[in-house]
Amino acid sequence: KNEVEQSPQNLTAQEGEFITINCSYSVGISALHWLQQHPGGGIVSLFMLSSGKKKHGRLIATINIQEKHSSLHITASHPRDSAVYICAARGWGSQGNLIFGKGTKLSVKP
Amino acid sequence: GAVVSQHPSWVICKSGTSVKIECRSLDFQATTMFWYRQFPKQSLMLMATSNEGSKATYEQGVEKDKFLINHASLTLSTLTVTSAHPEDSSFYICSAPDRNTGELFFGEGSRLTVL
C-alpha cells in the first residue's frame, strides 16, 4: 500500500520568502499531483509530474523517481499563496485513484 | 482552460432526506468523473468512479445504494446522498481527467451538513 507523507504539516512564512514543501511516497507511481486547496475547500491542480521538473510562474515542482520524493517550491511568496498544498500519488491503475498526503497548511504573512 | 463546475457549494439538510450534487464539465467532455469525500482535518478519499453510459465503480466500504452516481451524459455526473445521516456530513468534490494528458480538473466542492 502506498503511503504519502508530506512535510511540514504547517508552515508560516513572511512575504517574499522562498518556500519548500516536501512529499515522499513509498511505492512506484505513474504520476504525482500537486494540488492547492483554498479555505473554502475548492481544489486547483497545480502540477502533474512523472519525472523531472515543471515550472509555472512562481511555482516549481520537482520529482526524483529513484528517491520517491517530490518538492514544491514557491518563490517570492505572497499572502495570496496561503492555502493547503496537497501532494497525491497515482499508481498504475485508475487516474483518479490517488493516495493523498495530509496536506501542508501554508500561511504567508505580509 | 478546462473547468469542472460543481453545485451546490454547500447544503444543509435534515436527516433522512436525499441530496443531489452535480458536476458539469465545461469546454470538454468528461467520460470519467471521480468522486471524493473529505472529512475535517483528513485527506481526500476516492469514493467512486463514474463512467458515462455505464455503472459507477465504488471503492471498498462505500455503499452504492446510499451514494447513487449517475453519469448520463459526457458533461454531467451526479452524486445523490440518499437518506442522509449526520455522519454523511462531509466535503464532497469531483474531478475529471483530461483524456489526453491525464491532468485532473476539480470541481469547487460541496459541503454537506446533515442535521
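Residues numbered from 1 in each chain as written. Chains lettered and ligands numbered in written order. Predicted model: local features only at pLDDT ≥ 70, side-chain atom pairs only at ≥ 80, totals over all residues. Heavy atoms only, no water.

Trainee: Can you break down the overall build of chain A residue by residue, with the values?
Mentor: A count of helices and strands for chain A gives 0 helices and 11 strands. Its helices and strands in sequence order give chain A the pattern β-β-β-β-β-β-β-β-β-β-β, from N to C terminus. Rg of the C-alpha trace for chain A: 13 Å, near the compact-globule value of 13 Å for 110 residues, within the 12% margin. Structurally, chain A occupies a C-alpha span of about 40 × 30 × 20 Å along its principal axes. (Helix = DSSP H or I, 4+ residues; strand = E, 2+ residues; numbered from the N terminus. Rg over C-alpha atoms; globule rule 2.2 N^0.38 Å.)

Trainee: Break down the state of the cysteines for me, citing the residues and quoting the values.
Mentor: Summed over all chains, the structure comprises 2 disulfides over all chains. Each sulfur in the disulfide pair Cys23 of chain A and Cys87 of chain A lies 2.0 Å from the other. Note on the Cys23 of chain A and Cys87 of chain A pair: the S-S dihedral is about 75 degrees, so by sign convention the disulfide is right-handed. One end of the pair, Cys23 of chain A, is in strand β3 (residues 19–25); the other, Cys87 of chain A, is in strand β9 (residues 83–90), with 64 residues separating them in the sequence. For Cys23 of chain A, a relative accessible area of 0% corresponds to the buried category. Cys87 of chain A gets classed as buried once you look at its relative accessible area, which sits at 0%. Lacking any disulfide linkage, Cys13 of chain B is separated from the closest cysteine sulfur, that of Cys23 of chain B, by 17 Å. (Disulfide = S-S within 2.5 Å. Buried < 20%, exposed > 50% of the residue type's maximum accessible area, 1.4 Å probe, protein only.)

Trainee: Describe the packing of aromatic side chains, listing the residues and the values that go with them.
Mentor: Aromatic ring pairs are defined here through the distance separating the ring centres and the angle between the ring planes. Using the criterion set out here, one finds 4 aromatic pairs over all chains in the structure. Between the aromatic rings of Phe28 of chain B and Phe105 of chain B, the centroid separation amounts to 5.8 Å while the plane-to-plane angle is 55 degrees, which identifies the pairing as tilted. Placement of the pair is Phe28 of chain B in the loop between β3 (19–26) and β4 (32–38) and Phe105 of chain B in strand β10 (residues 104–106), with a sequence separation of 77 residues. The exposure class of Phe28 of chain B is buried, given its relative accessible area of 16%. Following the ring pairs from residue to residue traces out a cluster consisting of Phe100 of chain A together with Tyr36 and Phe106 of chain B. (Phe/Tyr/Trp six-rings, centres within 6.5 Å; stacked < 30°, edge-to-face > 60°.)

Trainee: Could you give me a rundown of the interface of chain B and chain A, with the residues and numbers involved?
Mentor: Every contact between the two is made by 20 residues of chain B and, on the other side, 19 residues of chain A. For the pairing of chain B and chain A, the buried interface totals around 1,400 Å² over both sides, and the portion due to carbon and sulfur atoms is 57%. At the junction of chain B and chain A, the tally comes to 0 salt bridges. Linking chain B with chain A are 2 residue pairs in polar contact (both at pLDDT 80 or more), by the criterion used here. (Contact = heavy atoms within 4.5 Å. Buried area = accessible area lost by both parts, 1.4 Å probe. Salt bridge = Lys/Arg side-chain N within 4 Å of Asp/Glu carboxyl O. Polar contact = N/O pair within 3.5 Å; in protein donor to acceptor, adjacent residues only side chain to side chain.)

Trainee: Give me the sheet that holds strand β7 (residues 67–73) of chain B: which residues, what numbers.
Mentor: Residues and elements named next belong to chain B. The antiparallel open sheet is built from 4 strands, whose spatial order is β1-β3-β8-β7. Both edges of this open sheet fall to β1 (3–7) and β7, since each of them pairs with a single strand only. Averaged over all pairs of adjacent strands, the angle between their axes in this sheet comes to 15 degrees, without regard to strand direction. The pairing of β3 with strand β8 (residues 76–81) spans 6 bridges and is antiparallel. Note that in β8 the partner of Lys20 across the bridge is Thr80. (Pairing = 2+ DSSP bridges. Axes fitted to C-alpha atoms, helices over the stretch in contact; angles between N-to-C directions.)

Trainee: Please provide a residue-by-residue account of the pairing of strand β8 (residues 69–74) of chain A, values included.
Mentor: All names here are of chain A. The buried count for β8 comes to 5 of 6 residues, which makes it a mostly enclosed element. Relative to β8, β3 runs antiparallel, the two being bridged by 6 bridges. Along β8, the bridge assignment pairs Ser24 with His69. Pairing between strand β7 (residues 59–64) and β8: 6 bridges, direction antiparallel. Along β8, the bridge assignment pairs Asn64 with His69. As consecutive antiparallel partners, β7 and β8 are separated by 4 residues, and within that stretch Lys68 has a phi angle of approximately 55 degrees, a positive value.

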